[in-house]
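These are the residues of each chain, in order.
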Amino acid sequence: MRFEPPYPKPPSAHPRPHAKATPGHPLDGPHLGYPLGPEDLCLKEDGTPARIDKAFSWEAPLSAHGLMHMVIANAHAGDPYRIDTLFLYMANMAWNSSMNTTGTMAMLTDTDESGAYVIPHVIYADAFASETVAYADLVLPDTTYLERNDAISLLDRPISEPDAAADAIRWPVIQPDRDVRPFQSVLLDLGARLHLPGFVAADGSPRYRDYADYLVNHQRRPGIGPLAGWRTGPNGLQDGRGEPNAAQLDEYIKNGGFWTGHVPEEAAFYKPWNRAYQDWAVRIGLYDAPQPYILSLWSEPLRRFQLAAEGEGPRQPPDHLRARLHATMDPLPVWYEPFGDDVNEADYPLHALTQRPMAMYHAWHSQNAWLRQIHGRNPLYVPKALWEAQGFREGDWARVTSPHGQITVPVARMDALNPNTVWTWNAIGKRKGAWALSEDAPEATKGFLLNHLISELLPPKGDGHRWSNSDPITGQAAWFDLRVRVEKCEAPAECTPAHPPLNSPVEPGPETLAWKVQP
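A few points on the structure.

1. Topic: the pairing of strand β13 (residues 421-425)
Item 1. Buried residues dominate β13, accounting for four of its five residues.
Item 2. In this sheet, β13 lies alongside strand β9 (residues 350-355) in parallel orientation, the contact comprising five bridges. The residue bridging L353 from the neighbouring strand is W423, located in β13.

The following block contains the structure:
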């Protein structure tokens, strides 16, 4: 009962996803949302997915974050349709953010019988010369997190605590010394040049000067903007609801970048039906009206999809998905074996996990000297029993094999590990020629990706269809459904697979860095 604001919210309080695009008009609603039944799916008139990632379709009905990991593969396959231009932002989808990394890079350069690229155009925005930059036709150089404005908003991935609503900003502390622009400001500029609704004023001029101007003056609905702190009201500054305040960012900076609005003491518990909490949430703009509700173990939205699989209702799933929908859309909490576990356990007895360290999580500020010293390489961590059974010693290497592929990597012992599990960090390993690193950098020779072992598609089922390697309800990438075997091997010169160096648009970084530290 100790939800963190802006939660709790009943499912009905959230928007539904929308996908109807009409030239010259805005999208018919938010592109992300929470379907409550088959009627809310993003489907074309023939029942096929409306989105290139197949989010909010029968393949992943409740995919509130989309299926970014499937965009390149679907675009290459022309499933559900062909595209002309792929526009990506800083997710490094040609490397550590995609399954089947080697295959994904091949998809980005594949040509058809006429010699034209299967994916004709790629636009990519990044602050660094990452692996994906090499595959782009147009690169939009972004700023680093030290050179731009950002918001960690209550409207997106809030940072609240149970006792307080909170949001935060980043602000530029240095000016760029090269030809780069903050990507959010570039999007606002593009919107204004295209005269998109919401990006231009009545006279056709740009509505927002840059992203900082947007953060202050954009209103999602009257009185509600990206930032909840230090808004204006009839009696001066107020929190939550209020008109834009031209000095809002200055107030955040004076407060260290953060705003906090404390939950009243009488509202701290039983929030779904606590009147004091509901009234406070309305006052600061989390709701427009009280939204009390009863928590239920029975999920009615899931049951609606299950009923459709049984043949009920006007919107029906394709026949090849009925059994899967019926099994997974159970309205009560159930467990079923992960689809990726459908392999011979004797051949692949271990589970393998990969996860980014926090320094690699979307901030992309990892390429600095002190962080590289901490995690410039990554071993495969193996449990004590496996270490001893294989006769591993410090400095040894292993061949790791999955149903999809094989890698050769350094290993390290970790006793605080499930005996049937191995794991490693994601995104430490880099491709030669990327990130302004030298070709013999440890990231390129002793760092690796587990992604090479993971297919973006599940094995054939014999029904003529290949399912996405994703959760069948939410569409989340099934990173943790990987099974492998690990075998001791001779130490190679570097991790494999080792791809040829990329042609970098930037020069390698200096060999030696030095700072003068001021007291």
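Right, picking up where we left off after that structure.
2. Description of empty space enclosed by the protein
Item 1. Taken as a whole, this structure holds three cavities of 30 Å³ or more when the rule is applied.
Item 2. Computed from the structure, the largest cavity encloses a volume of approximately 160 Å³.
Item 3. Surrounding the largest cavity, 16 residues form its lining, W95, K430, A444, P497 and A498 being those nearest its centre.
Item 4. Residue composition of the lining of the largest cavity, grouped by class: seven nonpolar, five polar and four charged.
Item 5. The calculated volume of the second largest cavity comes to roughly 40 Å³.
Item 6. Taken together, A129, S130, V133, A134, G433, A434, L502, N503, S504 and P505 make up the lining of the second largest cavity.

3. What to know about the packing of helix α7 (residues 300-309) against helix α8 (residues 319-328)
Item 1. One can describe the packing of α7 onto α8 by two numbers: an axis separation of 8 Å at closest approach and a directional angle of 145 degrees. When the axes of α7 and α8 are compared, the crossing they make is left-handed. Residues Q306, A308 and A309 of α7 form the contact with α8, whose participating residues are R322, L325 and H326.
Item 2. Among the residues making up the contact of α7 with α8, the classes are represented as three nonpolar, two polar and one charged.

4. Brief notes about the nonpolar core
Item 1. Ranked by internal contacts, the top residues of the largest apolar core, which has 34 residues, are I72, L86, L108, I119, V122 and Y135.
Item 2. Looking at this core element by element, the count peaks at four residues for helix α1 (residues 71-77).
Item 3. Discounting chain neighbours no more than four positions away, the residues touching Y135 are A94, M105, L108, T109, V122, R431 and L502.

5. Structural notes on the packing of aromatic side chains
Item 1. Evaluated as defined, the whole model comprises 14 aromatic pairs.
Item 2. A centroid spacing of 5.7 Å and a plane angle of 45 degrees characterise the contact between Y277 and W280, whose relative ring orientation is tilted. Of this pair, Y277 and W280 both sit in helix α6 (residues 275-284), three residues apart, which is roughly one turn of that helix.
Item 3. Each ring, one from Y336 and one from F339, has its centre 6.0 Å from the other, and the planes form 25 degrees; the classification is stacked.
Item 4. Judged by its relative accessible area of 27%, Y336 falls in the partly exposed class.
Item 5. Put simply, the rings of F87, Y89 and F183 pair up and form one aromatic cluster.
Item 6. The ring of F269 carries the charged tip of R2 above its face, separated from the ring centre by 4.9 Å.
Item 7. If you follow K430 out to its NZ or CZ, it ends over the ring of W435, 4.3 Å from the centre.

What counts, and at which threshold
Residues numbered from 1 in each chain as written. Predicted model: local features only at pLDDT ≥ 70, side-chain atom pairs only at ≥ 80, totals over all residues. Heavy atoms only, no water. Buried < 20%, exposed > 50% of the residue type's maximum accessible area, 1.4 Å probe, protein only. Helix = DSSP H or I, 4+ residues; strand = E, 2+ residues; numbered from the N terminus. Pairing = 2+ DSSP bridges. 1 Å grid on protein atoms, 1.4 Å probe; cavity = no way out; pocket = protein on both sides within 12 Å on 5 of 7 lines; lining within 4 Å. Points joined across faces, edges and corners; volume = space filled by probe spheres on them. Nonpolar A, V, L, I, M, F, W, Y, C, P; charged D, E, K, R; others polar. Axes fitted to C-alpha atoms, helices over the stretch in contact; angles between N-to-C directions. Left-handed = near helix turned anticlockwise from the far one by under 90°. Contact = heavy atoms within 4.5 Å. Core = buried A, V, L, I, M, F, W, Y, C linked by side-chain atoms within 4.5 Å. Phe/Tyr/Trp six-rings, centres within 6.5 Å; stacked < 30°, edge-to-face > 60°. Lys NZ or Arg CZ within 6 Å of the ring centre and 35° of its normal.

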